[in-house]
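# Understanding the architecture of this molecule
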Amino acid sequence: MNKLMNAKEYEESLRKLKLKVYMFGKRVENVVDDPIIRPSMNAVAATYEYAHKPEHEDIMTATSHLTGKKINRFTHIHQGVDDLVKKSKMGRLLGSQTACCFQRCVGMDALNALSITTHAIDEKYGTEYNKRFLKYLGYVQENDLTCDGAMTDPKGNRSLSPAKQFDPDLFMHVVEERPDGIVVSGAKAHQTGAVNSHEVIVMPTITMREEDRDYAISFALPSDAEGITYIMGRQSCDTRKLEGLTFDRGNMFYGGHEALVVFDRVFVPWERVFMYKEYDFSTMLVEHFAAYHRQSYACKVGVGDVLIGAAQTIAEYNGAERASHVKDKIIEMNHLNETLFCGCIACAAEGHREPSGTYQNDLLLANVHKQNVTRFPYEIARIAQDIAGGLMVTCPSAADLASPEVGKWVEKYYRTRDDVPTEHRLRILRLIENITMGTAAVGYLTESMHGAGSPQAQRIMIARLVNMKHKQKAAKELCGIEKGDQVS
Amino acid sequence: MRDRKGRPGKLKAGIKYCGGCRPEFDRIAAVKEMKEALGEAIEMVRMDDEEADFILVVTGCKTACVDVESLPLKAKKYISSLSDARRVMEELANKTKT
Ligand SMILES: Cc1cc2nc3c(=O)[nH]c(=O)nc-3n(C[C@H](O)[C@H](O)[C@H](O)COP(=O)(O)OP(=O)(O)OC[C@H]3O[C@@H](n4cnc5c(N)ncnc54)[C@H](O)[C@@H]3O)c2cc1C
């Protein structure tokens, strides 16, 4: 029976995991209730809860091509352009509801990329990766699991290939082959939502050559498999979450997280291995995953929606909303944000069917979209900070506002209008701070820059994918260098 | 006015929303307003409720990307703006009066 978990069931399912998590040098015994981690759990929980809301289920759910049953879209293999478009819309929706990275897209993108690549490997080598993969997919869909899509290796010296690194573990690799499976060692860096995941799906991070065969591996494991350790990444302003539920945290409910995930001689049974030394398919897996994941940055449009809403609100609180330059800046924010939406819809609408039956979004347009994502959120954030005013970074804490001694001064001197409580002004400023330079800036800004590949990775793909000859032909024909079939 | 089962007056409307990625109006508030205005004359139920007399398809914008093919084969009324909501509300009010 397929189950569509709700937020509560998801939370309970996490409690059953025996994850080995470290933060601030100490083992975290209760991951789910840890105040720093909890907001990120809430954000993933939203992906479950929204699937049950009648007003969102049309985007949040899909029909499994394996069982014909209703499943959470995050476990779905895209069966048409409509699915791809709805994926972009889901990203925007959840971004606008959580204003942070809700972490579940990367696993969905890994599943879709593997559905295509395992099929292609089997076609060439007569292997049975796709059969294994589909069985695994059935398990993920049936249990409505969250998967960490683990691609990025620590990579060591960037100018050297995996096999040439001074430490072989700087890229994930196989260290032992057994009759019942393989043993792997290495790590995956920057893993979004890692400790909120039931599963971890490992993929190679770059193109591998023959000498890198041992590194050309893909597999899935339960997130609490023996030998896996999580070391939580810090986010700016993270310890504000230890101060209780004060408005200084900006976003009162949600957040994201990333972790370094270490695999110390971890056993993987064969039925969970989806690529084993077929180095000639590493590029295919990386590129398909990257195209899907670059589309997934539709979520930033949703976070942009919140930031624009916050900027308009603070302009009104400050009494500056009618100034022509402020109005124009809000227009610019919307223009940039909707331009991002255009990109993620376009790459979905131009999707195509792969031999496996999975629909893949348009690679060129996905790369163009992600390239815009590396820039526009920064500009939107800059304008939000301009409109917000300096108080966003100089205002006293919530505790000062509540202080019997100085609270009255904060209240008096940071009041702008008689119909707007000072606390409301400070709350909206803290939200803008959170998104543009606090914990959520990790997702809105730096993840926009490097997540799914740094800007140069997209530029390389754009150079490769555009049909330059076609453009030159058109130019040469129109100026008479070459003869075409123009009407004269 | 009689419903599908021949009962007088009261109509059952199955509600199907789009996903709501960038709604141009508040879909939930519009349905709530309809519910309040029509009062006893109408009951809002889930779109897959067998007893629904018709389905109200409420979409946040005119793209209306909602998956209507998977909906039960029943009459559908489309709402993709506040004015649509008011028009349908009037239509239903008139129907339930007669
Ligand atoms: C918030 C966040 C969340 C993330 N989530 C995930 C996740 O869930 N799963 C996952 O697998 N990954 C994730 N990533 C990782 C992301 O894909 C990488 O950050 C990205 O691929 C860049 O790698 P890097 O951070 O090691 O930067 P680097 O590779 O060190 O890049 C730094 C700079 O050096 C340049 N550079 C690097 N190598 C070369 C080279 N060989 N030649 C020329 N220039 C080079 C780059 O273009 C860039 O300008 C996440 C990253 C962030 C920031």
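Being a predicted model, the structure only gives us computed values, none of them experimental. (Residues numbered from 1 in each chain as written. Chains lettered and ligands numbered in written order. Predicted model: local features only at pLDDT ≥ 70, side-chain atom pairs only at ≥ 80, totals over all residues. Heavy atoms only, no water.)

## Some thoughts on the overall build of chain A
Scanning chain A from N- to C-terminus turns up 18 helices and 14 strands. Counting only residues that meet the buried cut, chain A has 57% of its 488 residues in that class. Within chain A, contacts between residues at least 6 apart in sequence are counted, and of these 77% link residues at least 24 apart. If you sum the accessible surface of chain A, you get close to 20,300 Å²; carbon and sulfur atoms cover 53% of it. Taken together, the 59 basic and 63 acidic charged side chains of chain A have centroids lying 2 Å from each other. (Helix = DSSP H or I, 4+ residues; strand = E, 2+ residues; numbered from the N terminus. Buried < 20%, exposed > 50% of the residue type's maximum accessible area, 1.4 Å probe, protein only. Contact = heavy atoms within 4.5 Å. Areas by Shrake-Rupley, 256 points an atom, 1.4 Å probe, with all protein chains shown as cover. Lys, Arg positive; Asp, Glu negative; His and termini not counted. Charge placed at Lys NZ, Arg CZ, Asp CG, Glu CD.)

## Comments concerning the interface of chain B and chain A
Between chain B and chain A, the residue contacts involve 15 residues of the former and 13 residues of the latter. Overall, the association of chain B and chain A removes approximately 1,200 Å² of surface from exposure, summing both partners, and the carbon and sulfur fraction of that is 52%. Here E57 of chain A ties to K16 of chain B by a salt bridge, and the two come within 3.9 Å at their closest N and O atoms. Applying the counting criterion to the chain B and chain A interface returns five residue pairs in polar contact (both at pLDDT 80 or more). Looking at the side of chain B that touches chain A, the elements with two or more residues in it are β1 (11-17) and α1 (27-38) of chain B. Class assignment for the residues of the side of chain B that touches chain A results in seven nonpolar, three polar and five charged. (Buried area = accessible area lost by both parts, 1.4 Å probe. Salt bridge = Lys/Arg side-chain N within 4 Å of Asp/Glu carboxyl O. Polar contact = N/O pair within 3.5 Å; in protein donor to acceptor, adjacent residues only side chain to side chain. Nonpolar A, V, L, I, M, F, W, Y, C, P; charged D, E, K, R; others polar.)

## With respect to the packing of helix α10 (residues 363-373) of chain A against helix α17 (residues 455-465) of chain A
Residue and element names in this part refer to chain A. At their nearest, the axes of α10 and α17 sit 9 Å apart, and the two run at 145° to each other. By crossing handedness, the relation of α10 to α17 is classed as left-handed. Of the residues in α17, those in contact with L363, L364, N367, V368, K370 and Q371 of α10 are P455, A457, Q458, R459, M461, I462 and L465. Grouping the amino acids of the contact of α10 with α17 by side-chain chemistry returns eight nonpolar, three polar and two charged. (Axes fitted to C-alpha atoms, helices over the stretch in contact; angles between N-to-C directions. Left-handed = near helix turned anticlockwise from the far one by under 90°.)

## Observations regarding the sheet that holds strand β6 (residues 173-178) of chain A
Residue and element names in this part refer to chain A. With respect to topology, six strands assemble into an open sheet ordered β2-β1-β10-β11-β7-β6, the strand pairing being mixed. Among the strands making up the open sheet, the edge pair consists of β2 (26-28) and β6. Strand-to-strand, the axes of this sheet are offset by a mean angle of 25°, without reference to chain direction. Alignment of strand β10 (residues 228-232) against strand β11 (residues 258-269), held across five bridges, turns out to be antiparallel. The partner of I231 across the bridge, within β11, is L260. (Pairing = 2+ DSSP bridges.)

## Looking at the site of the ligand
Residue and element names in this part refer to chain A. Not every one of the 19 residues close to the ligand is listed here, only the nearest: M151, T152, R158, H190 and T192. For the ligand, an oxygen atom lies 2.9 Å from a polar atom in the side chain of K155. In this structure, an oxygen atom belonging to the ligand sits 2.8 Å away from a side-chain N or O atom of R158. Notes on the ligand: free accessible area 960 Å², of which the protein chains cover 67%. (Near = heavy atom within 4 Å.)

## Remarks on the packing of aromatic side chains
Residues and elements named next belong to chain A. Enumeration according to the criterion identifies 11 aromatic pairs over all chains in this entry. A network of ring pairs unites the aromatic residues F133, Y136, Y139 and F274 as a single cluster. Positioned over the ring face of F341 is R92, at 4.5 Å from the centre of the ring. (Phe/Tyr/Trp six-rings, centres within 6.5 Å; stacked < 30°, edge-to-face > 60°. Lys NZ or Arg CZ within 6 Å of the ring centre and 35° of its normal.)

## Details of the sheet that holds strand β3 (residues 54-58) of chain B
All names here are of chain B. Spatial strand order, β2-β1-β3-β4: four strands in an open sheet with parallel pairing. The open sheet terminates on both sides in strands that have one partner only, identified here as β2 (42-46) and β4 (76-79). Taking each pair of neighbouring strands and ignoring which way they run, the sheet shows an average axis angle of 30°. In the sheet, β1 pairs with β2 via five bridges, with the strands oriented parallel. Of the residues in β2, the one forming a bridge with K12 is E43. Relative to the sheet, helix α2 (residues 82-97) contacts β1, β2, β3 and β4, its axis offset from that of β4 by approximately 145°.

## Digging into unusual backbone geometry
Residues and elements named next belong to chain A. In this structure, F24 is a non-glycine residue whose phi angle is positive, near 50°. Within the secondary structure, F24 sits in the loop between β1 (21-23) and β2. We note that C237 has phi near 70°; this positive angle belongs to a residue other than glycine. Mapped onto the fold, C237 is located in the loop between β10 and β11. Take C237: its relative accessible area is 31%, and that puts it in the partly exposed class.

## What about the pattern of salt bridges?
If you walk through the whole model with that rule in mind, you get 45 salt bridges over all chains. Among the salt bridges present, the one from D386 of chain A reaches K329 of chain A, with a minimum N-O distance of 2.9 Å. Residue D386 of chain A is found in helix α11 (residues 376-388), and its partner K329 of chain A is found in helix α9 (residues 324-349); the two are separated by 57 residues along the sequence. By sharing partners, the salt bridges in this structure join E57, D58, K70, D82 and K86 of chain A together with K16, R46 and D48 of chain B into a single network.

## So, the environment of F166 of chain A
If you trace the backbone, F166 of chain A turns up in the loop between β5 (147-150) and β6. Separated by 98 residues in sequence, F166 of chain A and D264 of chain A place their C-alpha atoms 18 Å apart.

## Concerning α11 of chain A
Residue and element names in this part refer to chain A. An ideal rise of 1.5 Å per residue puts 18 Å on 13 residues; α11 measures up with 18 Å between its terminal C-alpha atoms. Taken as a whole, α11 has its buried residues at F376, P377, I380, A381, I383, A384, I387 and A388. All buried residues of α11 lie within an arc of 165° about the axis, which places them on one face of the element. Those residues of α11 hidden inside the fold are in contact with α8 (299-318), α9, α10, α12 (391-394), α15 (422-437) and α16 (441-450). (Expected span 1.5 Å × (residues − 1). Arc of directions from axis to C-beta.)

## Details of a nonpolar patch on the surface
Taken together, the side chains of V406, W409 and Y413 of chain A define a hydrophobic patch exposed on the protein surface, amounting to about 340 Å² of accessible area. Looking at the secondary structure, you find Y413 of chain A in helix α14 (residues 407-413). (Patch = residues over 30% accessible without salt bridge, like charges linked within 9 Å, V, L, I, M, F, W, Y side chains within 5 Å.)

## Focus on the confidence of the model for chain B
Low-confidence regions, as indicated by low pLDDT, have predicted coordinates that should not be scrutinised in detail. Residues and elements named next belong to chain B. Per-residue confidence for chain B gives a mean pLDDT of 87; residues scoring 70 or more make up 90%. Taken element by element, chain B is modelled with least confidence in α2, mean pLDDT 87, and with most confidence in β3, mean pLDDT 94. Quick note on the complex model: pTM equals 0.96, ipTM equals 0.87. (pLDDT = per-residue confidence, 0-100.)

## Remarks on the nonpolar core
Here is a general trend for soluble globular proteins: nonpolar side chains tend to be buried in one another's company. Residues and elements named next belong to chain A. Ranked by internal contacts, the top residues of the largest apolar core, which has 76 residues, are V184, F219, L221, I228 and F263. The dominant element in this core, judged by the number of residues it contributes, is helix α5 (residues 105-125), at eight residues. Excluding anything up to four places from it in sequence, F219 contacts M172, V184, V200, I201, V202, F263, V268, R272, V273 and F274. Of all hydrophobic cores here, the second largest spans 64 residues; its members include A51, M60, C105 and F376. (Core = buried A, V, L, I, M, F, W, Y, C linked by side-chain atoms within 4.5 Å.)

## Looking at the environment of Y297 of chain A
All names here are of chain A. For Y297, the position within the fold is in the loop between α7 (282-295) and α8. Taking the C-alpha atoms as reference points, Y297 and R92, separated by 205 residues in sequence, lie 8.6 Å from one another. With sequence-adjacent residues up to four places away left out, Y297 is seen in contact with H369, K370, V373, E447, S448, G451 and A452.

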